[in-house]
Amino acid sequence: MSKINLLGCEISKLEQMMIERGQKKFRATQLYTWIYEKETLSFDDMSDISLRFREELNRDFTLSLPKIYKKQESKDGTIKLLLELEDGAKVETALMPYRYGNAICVSSQVGCNMACAFCASGLLKKQRNLETHEIVGQVYVMNQLLKEKGERVSHVVVMGTGEPFDNYENVLDFIRIINHPKAFAIGARHITVSTCGLVPGIMRYAHEGMQTNLAISLHAPNDEIRNTLMPISKAYPLDKLMEAVKYYEKEADRRVTFEYIMLKDVNDTIECARQLVKLIRGTKAYVNLIPYNPVDENSFRRSDEENVHRFFSYLMQHGITTTVRKEFGNDIDAACGQLRAKEQHESH
Ligand code: SAH
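Residues numbered from 1 in each chain as written. Predicted model: local features only at pLDDT ≥ 70, side-chain atom pairs only at ≥ 80, totals over all residues. Heavy atoms only, no water.

Draft legend 1. Structural context of the overall build of the chain. Tallying secondary structure elements over the chain gives 12 helices and 14 strands in all. Relative to the globule expectation of 20 Å for 348 residues, the C-alpha radius of gyration of the chain, 21 Å, shows essentially globular dimensions. Along the first, second and third principal axes, the C-alpha set of the chain runs to 70 × 45 × 35 Å. Buried residues in the chain amount to 55% of all 348 residues. For the chain, restricting intrachain contacts to residue pairs at least 6 apart in sequence, the fraction spanning at least 24 positions comes to 65%. Carbon and sulfur atoms form 49% of the exposed surface of the chain, whose accessible area is close to 16000 Å². Positive and negative side-chain charges of the chain, numbering 46 and 47 respectively, have mean locations separated by a distance of 3 Å. (Helix = DSSP H or I, 4+ residues; strand = E, 2+ residues; numbered from the N terminus. Rg over C-alpha atoms; globule rule 2.2 N^0.38 Å. Buried < 20%, exposed > 50% of the residue type's maximum accessible area, 1.4 Å probe, protein only. Contact = heavy atoms within 4.5 Å. Areas by Shrake-Rupley, 256 points an atom, 1.4 Å probe, with all protein chains shown as cover. Lys, Arg positive; Asp, Glu negative; His and termini not counted. Charge placed at Lys NZ, Arg CZ, Asp CG, Glu CD.)

Draft legend 2. Structural detail: the site of the ligand. Within the structure, the ligand sits among 20 residues, and Gly162, Ser194, Ser217, His219 and Asn293 are positioned closest to it. His219 places a side-chain nitrogen or oxygen 2.6 Å from an oxygen atom of the ligand. With respect to the ligand, the side chain of Glu259 contributes an N or O atom lying 3.2 Å from an oxygen atom. Coverage of the ligand by the protein chains reaches 95% of its 530 Å² of free accessible surface. Only β10 (191–195), β12 (256–262) and β13 (286–291) provide two or more residues apiece to the shell around the ligand. A class-by-class count of the residues in the shell around the ligand yields 11 nonpolar, seven polar and two charged. (Near = heavy atom within 4 Å. Polar contact = N/O pair within 3.5 Å; in protein donor to acceptor, adjacent residues only side chain to side chain. Nonpolar A, V, L, I, M, F, W, Y, C, P; charged D, E, K, R; others polar.)

Draft legend 3. Quick look at helix α9 (residues 238–252). Given a rise of 1.5 Å per residue, 15 residues ought to cover 21 Å, and the 20 Å separating the end C-alpha atoms of α9 matches this to within 8%. Three or more residues of α9 are buried, namely Leu238, Leu241, Met242, Ala244, Val245, Tyr248, Glu249 and Ala252. Viewed end-on, α9 has its buried residues packed into an arc of 160 degrees, placing them on one side of the element. Turned more than 90 degrees off the buried face of α9, the exposed positions are Glu243 and Lys250. In this structure, the buried residues of α9 make contact with α6 (199–205), β11 (213–217), α7 (223–229), β12 and α10 (270–280). (Expected span 1.5 Å × (residues − 1). Arc of directions from axis to C-beta.)

Draft legend 4. Focus on helix α11 (residues 305–317). Given a rise of 1.5 Å per residue, 13 residues ought to cover 18 Å, and the 18 Å separating the end C-alpha atoms of α11 matches this to within 8%. Of the residues making up α11, those classed as buried are Asn307, Val308, Phe311, Tyr314 and Leu315. For α11, the angular spread of buried residues about the axis comes to 130 degrees, placing them on one side. Opposite its buried face, α11 presents the exposed residues Glu305, Glu306, His309 and Gln317, each directed more than 90 degrees away.

Draft legend 5. Quick peek at the side chain of Glu92. Here Glu92 is to be found in strand β5 (residues 90–98). For Glu92, a relative accessible area of 4% translates into the label buried. Engagement of the side chain of Glu92 in a polar contact is seen with the side chain of Lys80, the distance being 2.6 Å.

Just geometry here; none of it tells us what the structure is for.
What follows is the structure, encoded as structure tokens:
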């Protein structure tokens, strides 16, 4: 039987495992304290645990992390890592130093099946879901790097490669682990999950009872444009998506953020802004306008700054809280999937 990686054990599941082993429930939080607070990845160092139980832990569990395969650091402090997993698969993770804290962008799958036309991540079809410990591992490794500067990861966005709601259980366990007070204790309001619009996932997430943020990749004000950008739109057209958003707002009592990449001559006209206002009226949503990170493999271009500004003003004037995403790491391969895509390209 292969060993269980403890970094992927959500607390209630770990407590159950401890009880099944004839241990007390508190062993679980004790292990969390060693792993996350004292940053110990060796059972042998866990001095308040009996020698016998430490042997049992060594026999049945591991605490292994993904390996840093490649590291890029930008002048603005952005860190991009290409991590190698146990089976040799590689995933990207990025750290963005905002004024308010250090935000990490984690991947949830190896490759992605959503096939959004503008995205570099989808160039590799989904190979597999990431295990919970492989997502937690991304935060753990980044924290190890930040420790040298006396800093920590304070915000988490699940916006790297993959569709989080296509790996629902593992992403949920990941969120519960990083949010746990004895683990990284990252506040729910500092955690954002981004989905391309998997309606069943949104409905389910509405009932998790979490104060996390939900972002939805909208990118178009009507089905016609959205169908050309995001194949998922054919399975879940905008009327269904908007219903799910309203359901989520009501059940979870949270507002969502719509992400909207500004693509030149595709979705950035004032007519699009007008349709967008109409579409999201009746929700409490915010809009986050995203500057496009050009990808070699397609011909999408970013909107001119002037257009972004006009679009932004139109939304604001019509009562929609709108922000424009700050950009990081322009001097490195900062857009999702770029580093891994390049790596594959070079090695073939
Ligand atoms: N699958 C999820 C999460 C991963 S993508 C989702 O679709 O939301 C995270 C965000 O980055 C999405 O809004 C996605 O549309 C956007 N994105 C993808 N490629 C991009 C690019 N080249 N430039 C800017 N944003 C991009």
